[in-house]
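Architecture and fold: a report
As a plain string of letters, each chain reads:
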Amino acid sequence: MDADLLTKKLKDLRNTFEQEEQLLTDLDRAIGDGDHGVNMLRGFKAVDEKISGNTLSEVLKSTGMTLMSSVGGASGPLYGFSFVKMASLNHDEINQDNLKEYIDEFKNAVATRGKVSGGEKTMYDVLQKTSEYLENNQSISKEQLQQFADDTKDLEATKGRAAYFKKDSIGHIDPGAQSMVFVLNALSEDV
């Protein structure tokens, strides 16, 4: 995936988040404050309007800076910082050989910024499982990503707003894990 295709995929996330806004809102209403759908849509509307760059790194950095300045809650800094960190990788395209490198950079950025290590019912859980999956496989499907998000249902939240719900958070998909499915699918589909 070169810079042009990445730009198209990131712009297309606006449509994805328009379609999935209610789902994310409902998930966040169950164990959060109910604004994740609105925030992700706002962020990717801004990406659709403002994204720029001729190289992969420029596109990723532009996306990150846009998300940091337009998405509220914890998601803006987490997603934004992660895209900026991925921009530090200097490849001409995302391909099967370096996809794991991008996912690991994303994962490490979320771990650093979110102070998470896995099993805490966050977006990080999807990143961690994706990285582990790519260790043994060259590509990943949206269905596999969705399974990783679905797996957060069984976890008790210990980070973020969902942690206030303690055991009541069990049985719900983490909204950040669900939005991560859409973002990682855009980054990995057709790679």
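Residues numbered from 1 in each chain as written. Predicted model: local features only at pLDDT ≥ 70, side-chain atom pairs only at ≥ 80, totals over all residues. Heavy atoms only, no water.

**Considering the pattern of salt bridges**
- One pass over the full model with this rule turns up 13 salt bridges.
- Linking Glu189 and Lys9 is a salt bridge whose minimum nitrogen-to-oxygen distance equals 3.1 Å. On the criterion of sequence distance, the pair formed by Glu189 in the segment after helix 8 (175-188) and Lys9 in helix 1 (residues 3-31) is long-range, its members being 180 residues apart.
- Between Asp104 and Lys100 there is a salt bridge; the shortest N-O distance is 2.6 Å. Placement of both Asp104 and Lys100 in helix 5 (residues 99-114) is noted, with a separation of four residues, approximately one turn of the helix. (Salt bridge = Lys/Arg side-chain N within 4 Å of Asp/Glu carboxyl O. Helix = DSSP H or I, 4+ residues; strand = E, 2+ residues; numbered from the N terminus.)

**What to know about the UniProt feature "domain: DhaL" (unreviewed entry) in the protein**
- In the numbering adopted here, UniProt assigns the feature "domain: DhaL" (unreviewed entry) to residues 4-189.
- The distance separating the terminal C-alpha atoms of residues 4-189 is 14 Å; by composition the span is 66% helix and 0% strand. (UniProt positions renumbered as here; feature names shortened; annotations may be inferred.)

**Things to note about the packing of aromatic side chains**
- On inspection of all chains with the given rule, the structure shows five aromatic pairs.
- Geometrically, the ring pair formed by Phe17 and Phe44 is stacked, given 5.2 Å between the ring centres and 20 degrees between the ring planes. Separated by 27 residues along the polypeptide, Phe17 in helix 1 and Phe44 in helix 2 (residues 36-50) bring together distant segments of the chain. The two residues Phe17 and Phe44 agree in class, both being buried.
- Summarising the aromatic geometry, the rings of Phe17 and Phe182 are spaced 5.8 Å apart at their centres and angled 85 degrees between planes, so their arrangement reads as edge-to-face. Within this pair, whereas Phe17 is found in helix 1, its partner Phe182 is found in helix 8, the two being separated by 165 residues in sequence.
- Judged by relative accessible area, which is 5%, Phe182 ranks as buried.
- An aromatic cluster of three or more residues is present, and its members are Phe17, Phe44 and Phe182.
- When the ring centre of Phe81 is taken as origin, the NZ or CZ atom of Arg113, which lies over that ring, is 4.8 Å away. (Phe/Tyr/Trp six-rings, centres within 6.5 Å; stacked < 30°, edge-to-face > 60°. Buried < 20%, exposed > 50% of the residue type's maximum accessible area, 1.4 Å probe, protein only. Lys NZ or Arg CZ within 6 Å of the ring centre and 35° of its normal.)

**Digging into the layout of surface pockets**
- Approximately 530 Å³ is the volume attributed to the largest pocket.
- Taken together, 25 residues form the lining of the largest pocket, with Ala74, Ser75, Leu78, Gly160 and Arg161 sitting closest to its centre.
- The set of elements that each furnish at least two residues to the lining of the largest pocket consists of helix 1, helix 2, helix 4 (75-86), helix 5 and helix 8.
- Residues of the lining of the largest pocket, tallied by class, amount to eight nonpolar, 10 polar and seven charged.
- Quantified by volume, the second largest pocket comes out at close to 210 Å³.
- Taken together, 13 residues make up the lining of the second largest pocket; nearest its centre are Asp12, Leu13, Thr16, Asn185 and Glu189.
- Only helix 1 and helix 8 provide two or more residues apiece to the lining of the second largest pocket.
- Of the residues forming the lining of the second largest pocket, the biggest block, eight residues, is contributed by helix 1. (1 Å grid on protein atoms, 1.4 Å probe; cavity = no way out; pocket = protein on both sides within 12 Å on 5 of 7 lines; lining within 4 Å. Points joined across faces, edges and corners; volume = space filled by probe spheres on them. Nonpolar A, V, L, I, M, F, W, Y, C, P; charged D, E, K, R; others polar.)

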